[in-house]
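If you want the building blocks of each chain, they are given just below.
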Amino acid sequence: MATGIDQLTVEAAAARRAGRLSEAEALLREALAQADSHPRVLNSLGLVLIGLRRGAEAIDIFKRAIALDPAAPPLWMNLAEAARQAAMPDQELAALDGALSIDAYLLPALLRKAQLFERLGKLEDSAGIYRALLATTPDDSGLPEPIRAALAHGRSVIETLAGRRVEQQSGALEAVVAAFPDAPLDRARIYMAQRAGQ
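What you see is a predicted model; the values in this text were computed from it and never measured.

Undergrad: Quick one: what's the story with the pattern of salt bridges, residue by residue and with numbers?
TA: Using the criterion set out here, one finds 13 salt bridges in the structure. Across the salt bridge formed by Glu23 and Arg20, the nearest N and O atoms sit 2.6 Å from each other. Residue classification places Glu23 among the partly exposed positions, given a relative accessible area of 37%. Note that Glu25 and Arg54 form a salt bridge whose closest N and O atoms lie 2.8 Å from each other. Of the two residues, Glu25 sits in helix α2 (residues 21-34) while Arg54 sits in the loop between α3 (39-51) and α4 (55-68), which places them 29 residues apart along the sequence. It is possible to trace a salt-bridge network through shared partners that takes in Glu81, Arg84, Glu92, Arg112 and Arg119.

Undergrad: Please give an account of the side chain of Glu92 that cites residues and values.
TA: Relative to the elements of secondary structure, Glu92 occurs in helix α6 (residues 89-102). Judged by relative accessible area, which is 1%, Glu92 ranks as buried. Not counting residues within four places of it along the chain, the set of residues in contact with Glu92 comprises Ala80, Ala83, Arg84, Arg112, Leu116 and Arg119.

Parameters at a glance
- Residues numbered from 1 in each chain as written.
- Predicted model: local features only at pLDDT ≥ 70, side-chain atom pairs only at ≥ 80, totals over all residues.
- Heavy atoms only, no water.
- Salt bridge = Lys/Arg side-chain N within 4 Å of Asp/Glu carboxyl O.
- Buried < 20%, exposed > 50% of the residue type's maximum accessible area, 1.4 Å probe, protein only.
- Helix = DSSP H or I, 4+ residues; strand = E, 2+ residues; numbered from the N terminus.
- Contact = heavy atoms within 4.5 Å.

Here is the structure:
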């Protein structure tokens, strides 16, 4: 049986890879009993807890790790994942903002923030982030497939939102035309057609 922290973490990693998450948790807790202020061990334990679907418990573990190493974006990203799993969107947003305060261009954090806003029904905020990402990523062919898929989804969010705006504006224009049938509204019609891509 392992006794040193390094050996315990190696065995815990092997157990985690093999899907023996309860064993990995026990090994990591034993390592923490020897050194409770070890951010790498805390991070590993938090990931195991996420794997065990215990996100709320993982939040506390990741917060302890961040207190020891606040400049590590992966810790903030893992905290965001734990908060997402625990259905705590305010904490998820705070964690993503923590990662972005370290690296404002951290693509995974920006994507996750856009996805969070979308889940919360804040499509304007979500589309704003997607627009900025797409403007700075004109060629996504070199990106991993999950990121390309997320950016493609971002394009659809932007298009859906634009379609809703056009519908709303068209309805408003039609109301004005109905109220003032003799008014010269040709420029407004042309503008609306351009906005609709016609």
